[in-house]
Amino acid sequence: GCQQKPVILPVISKPLPQPEKVVEIPKRAPEPVKPQLALQDSADTLLAWTEFRASLLLMSLKEREQLSRSLPATSVAELQQLLIRTHPETPYAIRFKAQMQLAEQLQTLPKGLADLLRWDHAYNQKLLEAESAVKALGRLNGQQQDQLEKLQKRNTDLQKKIDALTQIEAKLNSAGGE
């Protein structure tokens, strides 16, 4: 056999490279995109409508009026206007008209959006019915109060006549007895 002596290689020492300092920039989460109102059934759109409805309940009359004036003339804004006008603090006549218009609009909206807004519609309908009943009871109460006052006056008049007749009878009895 051929046996050779192992060759010894010279060791060259190089300084180890210094690790590069990596400065990590903290990753910012992307800003959430605010869901936009649209006449669609997407989850983001339905969330936007839910948030819009919730925000309306927190707004003052002045804020709702300001929002109403600022809306453009679009189909989305038309629906927003109806929801603004069905707010519980809006006068009855305005809410009643908006309720009828909302009922018509629900027929044309995408199913998911219509389903979401049907709850508002049903709630507003019950509120309108209750207010109507309270007004009717108020009128009935007023009529009954008027009738009660007339009967009390008639009772007082009849009592005066009875008292006058009783006095006449007493005079006649005392004059006849003399």
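Colleague: Would you mind showing me how to read the pattern of salt bridges here?
Modeller: Two side chains of opposite charge can pair, provided their charged atoms sit close to one another. Inspection of every chain in the model, using the stated rule, returns 7 salt bridges. Its salt-bridge partner being Asp120, residue Arg53 comes within 2.7 Å of it at the nearest N-O pair. Residue Arg53 is located in helix α1 (residues 43–58), and its partner Asp120 is located in helix α5 (residues 111–176); the two are separated by 67 residues in the primary sequence. As far as burial versus exposure is concerned, Arg53 and Asp120 are alike and both buried. In this structure, a network of salt bridges that share partners links the residues Lys111, Asp115 and Arg118.

Colleague: Would you explain the nonpolar core in this entry?
Modeller: Most often, soluble globular proteins keep nonpolar side chains buried together rather than apart. If you look at the biggest cluster of nonpolar residues, it comprises 18 residues, and the most contacted ones within it are Trp49, Phe52, Leu79, Leu83, Leu109 and Leu117. Contributions of two or more residues to this core are made by α1, α3 (75–85), α4 (92–106) and α5. No other element matches the 6 residues that α3 contributes to this core. What Leu117 contacts, discounting residues up to four positions off in sequence, is Arg53, Leu79, Leu83, Leu106 and Leu109.

Basis of the calculations
Residues numbered from 1 in each chain as written. Predicted model: local features only at pLDDT ≥ 70, side-chain atom pairs only at ≥ 80, totals over all residues. Heavy atoms only, no water. Salt bridge = Lys/Arg side-chain N within 4 Å of Asp/Glu carboxyl O. Helix = DSSP H or I, 4+ residues; strand = E, 2+ residues; numbered from the N terminus. Buried < 20%, exposed > 50% of the residue type's maximum accessible area, 1.4 Å probe, protein only. Core = buried A, V, L, I, M, F, W, Y, C linked by side-chain atoms within 4.5 Å. Contact = heavy atoms within 4.5 Å.

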